[in-house]
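# Observations on the model geometry
Each chain is listed here by its residues.
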Amino acid sequence: MTIERNATHRDRQWPCDALVLGSGASTFRAAIELKRHGIDVVVPRKIFYGGTSASSGSDKQTLHTAATGRHGDDFIALAASLGAGGAMDEDTAYLEAVGSLRELSSLKYLGLPIPLDRLGAVLRYQTDHDEAGRATSCGPRTSRLMVKVLAEESARLGVPP
């Protein structure tokens with residue numbers, strides 16, 4: 001497919017295999033994963049760090065990951081906790097649980113300042129429907145910081161804006 005966009009009164013075309021619409025953290029994550037798998041992807045956006053995620057003034061983004069307690073964690077238990085509020089079905093919750101450690105590690109590698117204890121373990125806290133303390137965040141700017149590191153990685157990989 002070819003995407004056409006009017007940019008400063010000039011027509012531009014970007015040949016691509018996939019078009020990802022949006023400007024928040026999940027948009028950039030999708031574009032990054034597609035690009036890493038060799039798929040030509042375009043993310044049309046007007047503002048480089050735009051979107052609701054980047055404009056958040058509160059700590060609306062909590063990262064839920066498998067707990068790293070003395071006995072480890074069970075992805076089925078994490079999925080049950082994620083789905084306990086009724087916001088997602090069992091399959092979606094399980095996929096979120098299985099990918100949680102990889103995604104947290106990826107964000108940390110990209111520069112998201114995840115809070116760590118003195119030995120390097122991720123600091124976590126309990127939220128509603130979470131008996132194991134699986135949540136972490138970077139404080140009030142978590143969403144904005146996530147968009148920033150993901151947008152920078154998207155640009156580094158050459159995803160056209």
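Description of the structure in this document.

Rules used throughout
Residues numbered from 1 in each chain as written. Predicted model: local features only at pLDDT ≥ 70, side-chain atom pairs only at ≥ 80, totals over all residues. Heavy atoms only, no water. Helix = DSSP H or I, 4+ residues; strand = E, 2+ residues; numbered from the N terminus. Buried < 20%, exposed > 50% of the residue type's maximum accessible area, 1.4 Å probe, protein only. Contact = heavy atoms within 4.5 Å. Areas by Shrake-Rupley, 256 points an atom, 1.4 Å probe, with all protein chains shown as cover. Core = buried A, V, L, I, M, F, W, Y, C linked by side-chain atoms within 4.5 Å. Axes fitted to C-alpha atoms, helices over the stretch in contact; angles between N-to-C directions. Parallel < 35°, antiparallel > 145°, perpendicular 65-115°, else oblique. Left-handed = near helix turned anticlockwise from the far one by under 90°. Salt bridge = Lys/Arg side-chain N within 4 Å of Asp/Glu carboxyl O.

### Topic: the overall build of the chain
The helix and strand tally for the chain stands at 5 helices and 6 strands. Sequence-ordered secondary structure for the chain, helices as α and strands as β, is β-β-β-α-β-α-β-α-α-β-α. Out of the 161 residues in the chain, the part that is buried amounts to 38%. Of all intrachain contacts in the chain linking residues separated by at least 6 positions in sequence, the fraction that spans at least 24 positions is 58%. For the chain, the accessible area works out to roughly 9600 Å², and carbon and sulfur atoms hold 53% of it.

### Brief notes about the nonpolar core
If you look at the biggest cluster of nonpolar residues, it comprises 17 residues, and the most contacted ones within it are Leu 63, Leu 107, Leu 112, Ile 114, Met 146, Val 149 and Leu 150. If near-sequence neighbours (up to four positions away) are discounted, Leu 150 is found in contact with Ala 25, Phe 28, Arg 29, Ile 32, Leu 107 and Leu 110.

### Some remarks on the packing of helix α1 (residues 25-36) against helix α5 (residues 142-156)
Between α1 and α5, whose axes approach to 9 Å, the crossing angle comes to 30°. Judged by the inter-axis angle, α1 sits roughly parallel to α5. The two elements α1 and α5 meet at a crossing, and its hand is left-handed. Residues Ala 25, Phe 28, Arg 29, Ile 32 and Arg 36 of α1 form the contact with α5, whose own contacting residues are Met 146, Val 147, Leu 150, Ala 151, Glu 153 and Ser 154.

### Focus on the environment of Leu 34
Positionally, Leu 34 belongs in helix α1. Given the relative accessible area of 25%, Leu 34 is considered partly exposed. When residues no more than four places from it in sequence are discounted, the contact partners of Leu 34 are Ala 18, Val 20, Ile 39 and Val 41.

### What about the pattern of salt bridges?
One pass over the full model with this rule turns up 8 salt bridges. Residue Arg 36 is joined to Glu 153 by a salt bridge in which the shortest nitrogen-to-oxygen separation is 2.8 Å. Here Arg 36 is found in helix α1, whereas its partner Glu 153 is found in helix α5, with 117 residues between them in sequence. Looking at Arg 36, the relative accessible area reads 39%, which means it is partly exposed.

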